[in-house]
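Architecture at a glance
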Amino acid sequence: MLTRDQNADSATRPARWLQLGLLAIIQVLVLTLWFSATAIAPQLAADDTISTLVLSLFTSAVQIGFVAGTLCSAILGLSDRFDPRLVFGLSALLGAAANALILLLPLDSGAVILLRFITGAAMAGVYPVGMKLAAGWARGDMGLVVGLLVGALTVGSATPHLFNVLGGIDWHITIACASVSALLGGLLIVFFQLGPLHAPAARFKPDAMLDIWRNRGVRLATAGYLGHMWELYAMWAWIGVFLSASFGTWAAQAGSPAATAGHYAVWAGLATFATIASGGLGSIGGGLIADRLGRTTLTIGAMAISGLCCVLAGWLFGAHPILITILCLIWGITVVADSAQFSACVAELADPARVGTMLTAQTCLGFTLTLITLHLMPLFVDWFGWHWAFAPLALGPALGCLAMWRLRHSSLARQLAGGRG
């Protein structure tokens, strides 16, 4: 016979997955904003529409805005002091408006870069806040729950590349579709219900953000996250340009006519979408594995494989498109499979009343680091060519493995994944 608690759990289980599914859909819709401008970079680069510097700023301005937004949010503790649904919804609407305004301006204007900055700042109220909302519904499966949200981030980030292909490589359609998607997501958040484990509002604590350093477990998990982030966004931002160049090189070596070679731009766009979107499967699969085998086991394994892909991708540059696409799919899965688990570690190791602030602080540090690799990648391409341009990114996963190995062998590991480490 079921106890009262078991009956209550059975009754809330359908509602739990309904709410998490709704939140995942909303995340996909809103986070299309992140790479909406980056997705059109290969087309603009091929047409010599704007400079390489401006192309890199399309992504880095979002990162800078996100860092600024997360820093302010973490200091003020917004997601812990106010209803996170309100923070999420208003942020989504702001991001949609800023992205839509790009359609009214020349792409090479400073105002477009400012709008990308605003979009990034708005995402600070979406991504980490969404993880806090998801954590409120976790019941012994934090890795899977947070993995679902990071998977939504991944698919949302990949979707603009699909918009770009379906829109006939017309950048206006890509930007417009992303803005409409974010608007819809911002409105749908009103239907989301807070989970039973949602912590009550915390009092304002000016130095709460510093707990990310004072708590050793959170500190090691964040160090692993930084190694992961050294690689992730540089890969996401430049994999489309890499695949376009690789497919074009193969077509030229194969002696394909110019008209036929042009078709490879479309295939490169689809391969880019598949590469990034495959991380959604990696996030969910990684969550399932981490909940059963341990967070440190999953993160160390995923970073080892993705770091190896950093080297192999360049080695296969110009190879048959099918071969390079298979490698990139493996890379796309493993480069994200660990991402949610660093956040899950923080959710399990931090003060429950400060989880939102700790998640926001962690992402703030991680995205600050991405600014370095995003701007180093063009230099790596100039110095080493595509054959070795991604190789320096392997340094991040290597150091991340070391940090998670130390966490694995500490007493704090017993607090992770139900004692699995």
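Residues numbered from 1 in each chain as written. Predicted model: local features only at pLDDT ≥ 70, side-chain atom pairs only at ≥ 80, totals over all residues. Heavy atoms only, no water.

**Topic: the overall build of the protein**
Convention followed: Secondary structure elements follow DSSP: runs of H or I no shorter than four residues count as helices, runs of E no shorter than two count as strands, and numbering proceeds from the N terminus. Burial classification: accessible surface area is computed with a 1.4 Å probe over protein chains only, and a residue below 20% of its type maximum counts as buried, one above 50% as exposed, and the rest as partly exposed. Contacts between residues were defined by any pair of non-hydrogen atoms, one from each residue, lying within 4.5 Å. Areas reported as accessible are Shrake-Rupley estimates using a 1.4 Å probe. Residue values count occlusion only from the protein chains shown.
Helix and strand counts for the protein stand at 17 helices and zero strands. Looking at the protein as a whole, 58% of its 421 residues are labelled buried. Within the protein, counting contacts between residues at least 6 apart in sequence, those at least 24 apart form 86% of the total. About 16,200 Å² of surface is accessible on the protein, with carbon and sulfur atoms providing 71% of the total.

**Thoughts on the side chain of T325**
Note the following rule: Polar contact is the term for a pair of N or O atoms within 3.5 Å; when the atoms are in protein, one must be able to donate a hydrogen and the other to accept it, and sequence-neighboring residues count only if both atoms are side-chain atoms.
Locating T325 in the fold gives a position in helix α14 (residues 321–337). Classification of T325 as buried rests on a relative accessible area of 18%. Of the polar contacts made by the side chain of T325, one reaches the backbone oxygen of P321; its length is 2.6 Å. Contact partners of T325, with chain neighbours within four places excluded, come to F247 and A271.

**Thoughts on the packing of aromatic side chains**
Put simply, the test is: Each Phe, Tyr or Trp ring, with Trp reduced to its six-membered ring, pairs with another whose centre is within 6.5 Å; inter-plane angles below 30 degrees give stacked pairs, above 60 give edge-to-face pairs, and intermediate values give tilted ones. The criterion for a charge sitting over a ring is simple: Lys NZ or Arg CZ within 6 Å of the ring centre, and within 35 degrees of the ring normal.
The tally for this structure, following the rule as stated, stands at 17 aromatic pairs. Ring centres of W34 and Y127 lie 6.4 Å apart, and the angle between their planes is 80°; on these two criteria the pair is classed as edge-to-face. Of this pair, W34 sits in the loop between α1 (4–30) and α2 (41–46) while Y127 sits in helix α7 (residues 127–135), and the two are 93 residues apart along the sequence. Neither residue differs from the other here; W34 and Y127 are each classed as buried. Between F242 and F390, the aromatic rings sit 5.3 Å apart at their centres with planes inclined by 75°, giving edge-to-face as the arrangement. Here the residue F242 occupies a position in helix α11 (residues 216–253), and F390 occupies one in the loop between α16 (355–384) and α17 (395–408), the gap between them amounting to 148 residues. F390 gets classed as buried once you look at its relative accessible area, which sits at 1%. Directly above the ring of W213 sits R219, whose terminal nitrogen or CZ lies 4.8 Å from the centroid.

**Details of helix α5 (residues 84–100)**
Threshold: Every helix has an expected span of 1.5 Å times one less than the residues it contains.
With 17 residues, α5 should reach 24 Å at 1.5 Å per residue; the first-to-last C-alpha distance of 24 Å fits that figure. Of the positions making up α5, those classed as buried are P84, V87, F88, G89, S91, A92, G95, A96, A98 and N99.

**Overview of the environment of H320**
Within the secondary structure, H320 sits in the loop between α13 (295–315) and α14. Residue classification places H320 among the partly exposed residues on the basis of a relative accessible area of 38%. The sequence separation of H320 and T249 amounts to 71 residues, and the corresponding C-alpha distance is 9.6 Å.

**Topic: the confidence of the model for the protein**
Residues shown with low pLDDT carry predicted positions that ought not to be read at fine detail. Which entries qualify depends on this criterion: The pLDDT value tells you how sure the predictor is about a given residue, anywhere from 0 up to 100.
Of all residues in the protein, 87% attain a pLDDT of 70 or more, and the chain-wide mean is 84. Looking at the elements of the protein, mean pLDDT is at its lowest for α2, recorded as 66, and at its highest for α17, recorded as 97. Confidence over residues 1–11 falls short of pLDDT 50; this stretch has four contacts with residues more than four positions distant or in other chains.

**Considering the packing of α5 against helix α6 (residues 110–123)**
In plain terms, the rule: Geometry is summarised by axes, namely lines fitted to C-alpha atoms with helices restricted to the contacting stretch, and by angles between N-to-C directions that run from 0 to 180 degrees. Angles are sorted into four bins: roughly parallel if under 35 degrees, roughly antiparallel if over 145, roughly perpendicular if 65 to 115, and oblique for all others. Crossing handedness is defined as follows: a turn of the near helix away from the far one that is anticlockwise and smaller than a right angle gives a left-handed crossing, while the clockwise case is right-handed. Each residue is assigned to one class: nonpolar for Ala, Val, Leu, Ile, Met, Phe, Trp, Tyr, Cys and Pro, charged for Asp, Glu, Lys and Arg, and polar for all the others, Gly among them.
Running from amino to carboxyl end, α5 crosses α6 at an angle of 165°, the nearest separation of the two axes being 8 Å. When the axes of α5 and α6 are compared, the pair comes out roughly antiparallel. In this structure, the crossing between α5 and α6 has a hand that is left-handed. Taking contact as the criterion, the partners of S91, L94, G95, A98 and N99 in α5 are, on α6, L115, R116, I118, T119 and A122. In terms of residue class, the contact of α5 with α6 is built from five nonpolar, four polar and one charged.

**Brief notes about the pattern of salt bridges**
For clarity, the cut-off: A carboxyl oxygen of Asp or Glu within 4 Å of a side-chain nitrogen of Lys or Arg is what we treat as a salt bridge.
One pass over the full model with this rule turns up four salt bridges. The closest approach of N and O atoms between E348 and R295, which form a salt bridge, is 2.8 Å. Here the residue E348 occupies a position in helix α15 (residues 339–349), and R295 occupies one in helix α13, the gap between them amounting to 53 residues. Residue classification places R295 among the buried positions, given a relative accessible area of 1%. Among the ionic contacts, a cluster of salt bridges with common partners joins D291, R295 and E348.

**Side note on the state of the cysteines**
Quick reminder of the rule: Here, a disulfide means two cysteine sulfur atoms that sit within 2.5 Å of each other.
Inspection of every chain in the model, using the stated rule, returns zero disulfides. Cysteine C328 is unpaired, with the sulfur of C309 as its nearest cysteine sulfur at 8.2 Å. Overall, the relative accessible area of 0% leaves C328 in the buried class.

**Structural notes on a nonpolar patch on the surface**
We count it as follows: What makes a patch is a set of residues exposed beyond 30% relative accessible area and free of salt bridges, joined within 9 Å when like-charged and within 5 Å when nonpolar (Val, Leu, Ile, Met, Phe, Trp, Tyr).
Among the surface-exposed residues, L86, L90, L93, L183 and L187 lie close enough to one another that they form a single nonpolar patch of about 450 Å² accessible area. Mapped by element, the contributors of at least two residues to the nonpolar patch are α5 and α9 (171–188). At three residues, the largest contribution of residues to the nonpolar patch is made by α5. Position of L187 relative to the elements: it lies in helix α9. Exposure remark for L187: the relative accessible area of 49% places this residue in the partly exposed category.

**Remarks on unusual backbone geometry**
Outside of glycine, negative phi angles account for most residues, and trans bonds account for most peptide bonds. Notably, A417 is not glycine yet its phi reads approximately 50°, a positive angle. Residue position: A417 is located in the segment after α17. The exposure class of A417 is buried, given its relative accessible area of 4%.

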